[in-house]
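# An overview of the molecular structure
Letter by letter, the chains look like this.
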Amino acid sequence: MASRTLISRATRIKAKLETALQAAVLEVEDVSYQHAGHAAMRGIEGGANETHFNVSIVSTKFEGHNLVKRHRMVYDLLSDELQSGLHALSITAKTPKEAGLGVGADKV
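Residues numbered from 1 in each chain as written. Predicted model: local features only at pLDDT ≥ 70, side-chain atom pairs only at ≥ 80, totals over all residues. Heavy atoms only, no water.

## A look at the pairing of strand 2 (residues 52–58)
Burial runs high along strand 2: five of the seven residues are buried. Both strand 1 (residues 25–30) and strand 2 contribute to a ladder of six bridges, which runs antiparallel. What sits directly across from valine 28, in strand 2, is valine 55. As paired strands, strand 2 and strand 3 (residues 88–94) are joined by seven bridges and run parallel to one another. Among the inter-strand pairings, valine 58 is bridged to a residue of strand 3, identified as lysine 94. (Buried < 20%, exposed > 50% of the residue type's maximum accessible area, 1.4 Å probe, protein only. Helix = DSSP H or I, 4+ residues; strand = E, 2+ residues; numbered from the N terminus. Pairing = 2+ DSSP bridges.)

Next comes the structure, spelled out in structure tokens:
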């Protein structure tokens, strides 16, 4: 019988976003510990474990899309996580130009 390794939600989030958005920059921060005492999290086994994340993404896939559309893109990619315990997601979604990356980014 093959053994099954559990992959953290942060690792799954990172893999999904990296693959679909081909992110130039991707930061995934688990901030669940900040919400462990909140009423909605008390009933969850182990407290607020992997339920709240900050995500910062820089991707060319965001070019031509407004902020609402960018957030929808991220939420759509993580829909299964949102259905299985991901409670809150703070998203920063920028194009390389907005983030100051790329040709001429070092010019003042």
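## With respect to the environment of isoleucine 13
Position of isoleucine 13 relative to the elements: it lies in helix 1 (residues 9–21). Under the relative-accessibility criterion, isoleucine 13 is labelled buried at 0%. Sequence spacing of isoleucine 13 and leucine 78 is 65 residues, and the spatial spacing of their C-alpha atoms is 7.0 Å. When residues no more than four places from it in sequence are discounted, the contact partners of isoleucine 13 are Val28, Phe53, Val55, Leu78, Glu81 and Leu86. (Contact = heavy atoms within 4.5 Å.)

## Observations concerning the nonpolar core
Core analysis: the biggest nonpolar cluster contains 16 residues, and Leu17, Ile57, Val74 and Leu89 have the highest contact counts within it. Every element with two or more residues in this core is listed here: helix 1, strand 2, helix 3 (67–77) and strand 3. Counting residues per element, this core draws most heavily on helix 1, which supplies four residues. Valine 74 has contacts with Leu17, Leu21, Ile57, Phe62, Leu89 and Ile91, leaving out every residue within four places of it along the chain. (Core = buried A, V, L, I, M, F, W, Y, C linked by side-chain atoms within 4.5 Å.)

## Structural notes on the side chain of glutamate 81
Along the chain, glutamate 81 turns up in helix 4 (residues 79–83). A relative accessible area of 2% means that glutamate 81 is categorised as buried. For glutamate 81, the contacting residues outside a window of four places in its chain are Arg9, Arg12, Ile13, Lys16 and Leu86.

## A look at the sheet that holds strand 2
On the basis of which strands lie adjacent, the open sheet formed by three strands has the order 1-2-3 and mixed pairing. Among the strands making up the open sheet, the edge pair consists of strand 1 and strand 3. Across the sheet, the mean angle separating the axes of adjacent strands is 10° when strand polarity is ignored. Contacting strand 1 and strand 2, helix 1 runs over the sheet at an angle of about 25° to strand 2. With respect to the sheet, helix 3 is in contact with strand 2 and strand 3, its orientation differing from that of strand 3 by roughly 125°. (Axes fitted to C-alpha atoms, helices over the stretch in contact; angles between N-to-C directions.)

## Structural notes on the confidence of the model for the protein chain
Looking at the protein chain, the pLDDT average stands at 83 and 77% of residues meet or exceed 70. Here helix 2 (residues 39–42) is the element of the protein chain with the lowest mean pLDDT, 50, and helix 3 is the one with the highest, 97. Contacts from residues 104–108, a stretch scored under 50 in pLDDT, to residues over four places away or in other chains number one contact. (pLDDT = per-residue confidence, 0-100.)

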